[in-house]
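Chain residues, written in single-letter form:
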Amino acid sequence: MPTNSAVAGRPANGTIAFVALFGVALPIAALLFESITGMCRQIFFDPLPTPIHFALYATIPLANVRLLLALRRGAALPPRWALLHAFSAGVAVFYSLVFLPISPIAAFAVIALGIGLLGLSPMFAVACVVFSRKALRAGSGQSPGKLWQGIALAFLVLLVIDAPSTMTRIGMQMAASDSAEIRLRGIRLLRKVGDEDLMLRLCYRQGAQATDLLGTLFTSQAEADPQRARTVFYQVTGTVFNSRPAPVHRSMREWERTFDDGQGNADVGQRVNDVALAASRMDGSIDANAALGYLEWTMEFHNKSPSQQEGRAEVVLPPGGVVSRATLWIDGEEREAGFGARAQVREAYAKVVSKNRDPLLVTTAGHDRILVQLFPIPPSGDMKIRLGITIPLVTQGQQAMHLRLPAFSERNFDLAPDLRHAVWFESAAPLKGSPGLRAQAGPRGIFAVRGELAEPLPAHPMHTVWVPGARPAALAWSTDEKGGDGKNVVQEVSEATAIPPQRVAIVIDGSASMLQRKHQLLEALASFPRNIEMAVVFAGDETPSLFLHDGTNSLLTRQYIGKLDFAGGRDNSEALGMAWDWAAMSSRGAIVWIHGAQPLASQSTGALQQRLERRASQVALYDLAVERGPNVIAQQLEGASAVASFGNLAEDLGKLFAQWAPGARRTVLLRERRSGGGMPQSSQTSQHLVRLWAANEVAAMSAASSRKADAVSLAVRYQLVTPVTGAVVLETREQYKDAGLEPVPPGSVPTIPEPETWAMILVATLMLAWHRRLRPQ
């Protein structure tokens, strides 16, 4: 006759099978399925956002395996295993509550899609707890411990782990409020306790992200709208979301993992997985006598994903630089771009992108910036482009003439780990470059600098090539081959006395990027000319404040700046408007804007644009960016003068202030078209001088709405990318014809001079030097 324990143990046979299937096998299958596919994460939320969550959920099958062993033996659970089983029960209850809203969907989807596995797994685990504890009590006579203590401990652990996520969601909800006061409180809360990884994931369209029980109660507009989340991310961290690698997106479907919601848009947008700049070279030439240079930047992109991708980047050009050539390799052949009105080339690009063909688009993105878009980078394939940039050398101040190499300010692709820009510049005059570039003499007296350079970090200055000891010749000229009337473009150099402003408003960006530069800022203001009025306008979280500088007691200004709080990212448009109002009280006002990235645009930006358009010459705007990044404000403002940054804010401002000192002189380069004839051959230079003249003319025409059509016509004729024109490479002549465009004839594009050309330039330089030597003093 069976003992009582054996009789009591018989019902455990069905319980054992139930626990084995729904308490061990199903939780393990659910963990593996979600870890591999991430399907629940994509559609609903991420139930396993961290390894800790994975380990906590894994306690369910682990505890149930030990429970099965006890049930089969009719033995009691050891105290520690009993506590673990109670704890795992708490984990199952917690996840059951989280999954409760989607449990009906999970029930229907479990067979069709597999998504129901994880959704139903914790609920079945709770049922296993009930049955198994009864069976254990009946089989061994053991009371399996205090269940509620284990559940309470599990809830406490999960709530503590998810506290940063919960607080982040509360802050995101506040930051999306219609009340400015609540928004500010939300931003400040996120700066203190926000989870930056979660905020970054919300910047990407990857489905809802709530993983914590309380967090599900705090979904907000910022979670549903990636654009709003990107704004909040910048306001909290002070960095642009796409300056960081895209979060890993687990998916069993590759097109979802690499989906790009910004494809074809007129901005850079989100980072794209698996696309990288694989190779880069910059070949250039410099004509020191004409104070100009030309650079060709060749880039090759690689896409290791199984789907087509678009590459997008915003590039900071050398000051005054203009794109005069764009090419794309199609089927191994280099194809030239067609130039047309800005809207015309963008429409042509969008039409071809929709058909998955091969276009390249280049347009301006503000002063000295361009937006480059290329599509499609083929799956597991490459795409190669080339940009030609005509550049005026910087001649102001006591520095040697120089040009800055272009650099990315924003991009949606990665850089290959070993990427270096292969740089090679040549000139008839000696050159030197940034660290990493080696100066050398070439054949026939040609000088060069070359080397390999890493892409500079946003807070680091752009790489530079100098022409030490050289000054521009008094006269340089070139035949205008596209004018059709035999005229020349002539450049004359003269010196003039600088006219300083009467009052200057210093606008200081309150973003975190300025924090490390506070000391340099204080050092620079000590050299501010005492004969000029100055005010400091600080762009913080709240209404900007204006502080009047006392030239006789700079200590007060230093104390004011010393107390300023730099945090997160701040919109500077309202502060710039206040500065303009104060500076405009003088007939010669100026604004010096010192700032980091500015990806936000507000209503104040439009009001500032109106001020600058209606009184363009009344207040000069000097734009000094301490780091490269998107600048939406500058894109909408014309006429700003970029102040070169060499990495030390005190030195950069000191050079600017020196130009306003009494008796300061400045170099003036005047370019104009004149009738041909009578020009000395020794002063002749390349067609790039003509392009620089045309770029200046287009800028002047564009300022008047009545002349914009003329500006477009002029820019297209001289093959320039300007605020009113762009360049696009299409695949076939039919596509050009449909768009009303004409590709540039290959023989009319600028190129890097060959050695024979350099020899002619060298002879001209020697003749000019001999002429100066013989000229009476």
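The structure displayed is predicted, hence computed values, not measured ones. (Residues numbered from 1 in each chain as written. Predicted model: local features only at pLDDT ≥ 70, side-chain atom pairs only at ≥ 80, totals over all residues. Heavy atoms only, no water.)

1. Section: the packing of aromatic side chains
Applying the stated rule across the entire model yields 17 aromatic pairs. On the basis of an interplanar angle of 45° and a centroid distance of 5.2 Å, the ring pair of Trp-297 and Phe-408 is categorised as tilted. Taken together, the residues span a long stretch of sequence, with Trp-297 in strand 2 (residues 292-303) and Phe-408 in strand 11 (residues 407-411) at a distance of 111 residues. Both residues of the pair, Trp-297 and Phe-408, count as buried. The rings of Tyr-57, Phe-94, Tyr-95, Phe-99 and Phe-155 are connected pair by pair, giving a single aromatic cluster. The side chain of Lys-432 reaches across the aromatic face of Trp-466, ending 5.6 Å from its centre. (Phe/Tyr/Trp six-rings, centres within 6.5 Å; stacked < 30°, edge-to-face > 60°. Helix = DSSP H or I, 4+ residues; strand = E, 2+ residues; numbered from the N terminus. Buried < 20%, exposed > 50% of the residue type's maximum accessible area, 1.4 Å probe, protein only. Lys NZ or Arg CZ within 6 Å of the ring centre and 35° of its normal.)

2. Observations regarding the sheet that holds strand 26 (residues 665-674)
If you trace the three strands from one edge of the open sheet to the other, you get 18-19-26, paired in antiparallel fashion. One side of each edge strand has no neighbouring strand; the edge strands of this open sheet are strand 18 (475-479) and strand 26. Put simply, the sheet's adjacent strands are angled 20° from each other on average, direction ignored. Bridge analysis of strand 18 against strand 19 (residues 488-497) gives five bridges, and the strand direction is antiparallel. Residue Ser-478 lies in a different strand from strand 19, and its bridge partner there is Val-489. Against the sheet, helix 22 (residues 688-702) contacts strand 18, strand 19 and strand 26, and its axis sits at roughly 95° relative to strand 26. (Pairing = 2+ DSSP bridges. Axes fitted to C-alpha atoms, helices over the stretch in contact; angles between N-to-C directions. Contact = heavy atoms within 4.5 Å.)

3. Quick look at helix 8 (residues 147-161)
Here helix 8 contains 15 residues, and its C-alpha end-to-end distance of 21 Å stays within 8% of the 21 Å for a straight helix at 1.5 Å per residue. Taken as a whole, helix 8 has its buried residues at Gly-150, Ile-151, Ala-154, Phe-155 and Leu-158. What you see down the axis of helix 8 is that its buried residues fit within an arc of 135°, all on one side. Exposed side of helix 8, more than 90 degrees from the buried face: Trp-148, Leu-156 and Val-160 are the residues found there. Elements in contact with the buried residues of helix 8: helix 4 (51-73) and helix 5 (79-99). (Expected span 1.5 Å × (residues − 1). Arc of directions from axis to C-beta.)

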